[in-house]
Amino acid sequence: MFIGNIMIALKKFSKVLLKLQESVGIFLVLLIFLLTAAQVFSRFILNNPLGWTEELVRFVFIWSVFWGAVILSKERQHIRVEIFHKYFSNSVNTFIKIFINISIVIFFIYIIPPAFSYALYAYNIKSTALGISMFFVYISLPLCGVFMTIYYIGHIIEDIYKFTKYHKSKKN
């Protein structure tokens, strides 16, 4: 019962966090649109292009891609091959999901530290047009990787909990 209460609390916190992350995602996409519109307006109407908007759109796009991956990982919406699922039982499919999620967590545990180190290394590297530290671009991977790792660990716990609960009820 204790694990069930933890799961309920985590789900509530997760919903609030997801709403915040979706809001940030909407803001990033809106920012890309507004910056691109400003660039088009200044280039074709004013005949005086803004040199910095293209670079900022590129940086915001990088953030929006990783941020979108965070939201999709929370919702279990990442691309996956489901062709074999119909051939296996629910228990085997759950085991496969758990194995894949553990593999993803191991990948992130492996990739986050060097990505963070590279972001720190890039702190003194300045972007060409904006002159901002490239740290703010490169930190998107480790930061979003941490969020995705947390979500995948949550999926693993949830799947194991459902799997054990199902098998306990089946034995009774």
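Rules behind the numbers
Residues numbered from 1 in each chain as written. Predicted model: local features only at pLDDT ≥ 70, side-chain atom pairs only at ≥ 80, totals over all residues. Heavy atoms only, no water. Helix = DSSP H or I, 4+ residues; strand = E, 2+ residues; numbered from the N terminus. Rg over C-alpha atoms; globule rule 2.2 N^0.38 Å. Buried < 20%, exposed > 50% of the residue type's maximum accessible area, 1.4 Å probe, protein only. Contact = heavy atoms within 4.5 Å. Core = buried A, V, L, I, M, F, W, Y, C linked by side-chain atoms within 4.5 Å. Expected span 1.5 Å × (residues − 1). Bend = angle between axes of the 7 residues up to and from the residue. Salt bridge = Lys/Arg side-chain N within 4 Å of Asp/Glu carboxyl O. Polar contact = N/O pair within 3.5 Å; in protein donor to acceptor, adjacent residues only side chain to side chain. Patch = residues over 30% accessible without salt bridge, like charges linked within 9 Å, V, L, I, M, F, W, Y side chains within 5 Å. Areas by Shrake-Rupley, 256 points an atom, 1.4 Å probe, with all protein chains shown as cover. Phe/Tyr/Trp six-rings, centres within 6.5 Å; stacked < 30°, edge-to-face > 60°.

### Here we look at the overall build of the protein chain
Counting its secondary structure elements, the protein chain contains five helices and zero strands. When the elements of the protein chain are put in sequence order from the N terminus, they spell out α-α-α-α-α. Relative to the 2.2 N^0.38 estimate, which gives 16 Å for 172 residues, the radius of gyration of the protein chain is 21 Å and therefore markedly larger than a compact globule would have. With the C-alpha coordinates aligned to their principal axes, the bounding extent of the protein chain is approximately 75 × 35 × 35 Å. For the protein chain, with 172 residues in total, the buried portion stands at 30%. Of the contacts formed within the protein chain by residues at least 6 apart in sequence, a portion of 73% connects residues at least 24 apart.

### Details of the nonpolar core
Membership of the largest hydrophobic core comes to 24 residues, with the highest contact counts inside it found for Trp-63, Trp-67, Cys-144 and Met-148. At the level of elements, helix H1 (2–45), helix H2 (51–74), helix H3 (90–121) and helix H5 (140–171) are the ones that each hand at least two residues to this core. The leading source of residues in this core is H2, at seven residues.

### Considering unusual backbone geometry
Phi angles above zero are rare outside glycine, and Asn-47 is one such case at about 55 degrees. Residues other than glycine seldom take positive phi values, yet Arg-76 does so here, at roughly 55 degrees. On the secondary structure map, Arg-76 appears in the loop between H2 and H3.

### Things to note about H3
Residues spaced three or four apart along an α-helix face the same direction, because each turn holds 3.6 residues. Its 32 residues place the ends of H3 46 Å apart at the C-alpha level, agreeing with the 46 Å of an ideal helix rising 1.5 Å per residue. Most pronounced at Ile-111, the bend in H3 amounts to some 30 degrees, and the proline Pro-113 follows within four residues.

### Looking at the pattern of salt bridges
The tally for this structure, following the rule as stated, stands at four salt bridges. Measuring nitrogen to oxygen at the nearest pair gives 3.1 Å for the salt bridge that ties Asp-159 to Arg-76. Taken as a pair, Asp-159 in helix H5 and Arg-76 in the loop between H2 and H3 lie far apart in primary sequence, 83 residues in all. Take Asp-159: its relative accessible area is 3%, and that puts it in the buried class. Measuring nitrogen to oxygen at the nearest pair gives 3.1 Å for the salt bridge that ties Lys-162 to Glu-158. In this pair, Lys-162 and Glu-158 are both assigned in helix H5, four residues apart and thus about one turn of the helix distant.

### Points about H2
For H2, spanning 24 residues, the distance from its first C-alpha to its last is 36 Å, which sits close to the expected 34 Å at 1.5 Å a residue. Just past H2, the residue Arg-76 takes up positive phi, approximately 55 degrees.

### Considerations on the side chain of Ser-127
Along the chain, Ser-127 falls in the loop between H3 and helix H4 (135–138). What makes Ser-127 buried here is its relative accessible area of 6%. Polar contacts involving the side chain of Ser-127 include one to the main-chain amide nitrogen of Gly-131, which spans 3.0 Å.

### What to know about a nonpolar patch on the surface
On the surface, Val-81, Ile-83, Phe-84, Tyr-87, Phe-88 and Val-92 cluster together into a nonpolar patch covering about 650 Å² of accessible area. On the secondary structure map, Ile-83 appears in the loop between H2 and H3.

### Overview of the packing of aromatic side chains
Each aromatic ring pair is described using two quantities: the centre-to-centre distance and the angle formed by the ring planes. Overall, the coordinates contain seven aromatic pairs when judged by the stated rule. Taken together, a centroid distance of 6.4 Å and an interplanar angle of 45 degrees make the contact between Trp-63 and Trp-67 tilted. You can see Trp-63 and its partner Trp-67 sitting in helix H2, four residues apart, about one turn around the helix. Here Trp-63 falls in the buried class, since its relative accessible area comes to 19%. The buried category is assigned to Trp-67, whose relative accessible area is 9%. When the centroid spacing of 5.8 Å and the interplanar angle of 80 degrees are considered together, the rings of Trp-67 and Phe-147 count as edge-to-face. Of this pair, Trp-67 sits in helix H2 while Phe-147 sits in helix H5, and the two are 80 residues apart along the sequence. Through a chain of ring-to-ring contacts, three or more aromatic side chains come together here, namely Trp-63, Trp-67 and Phe-147.

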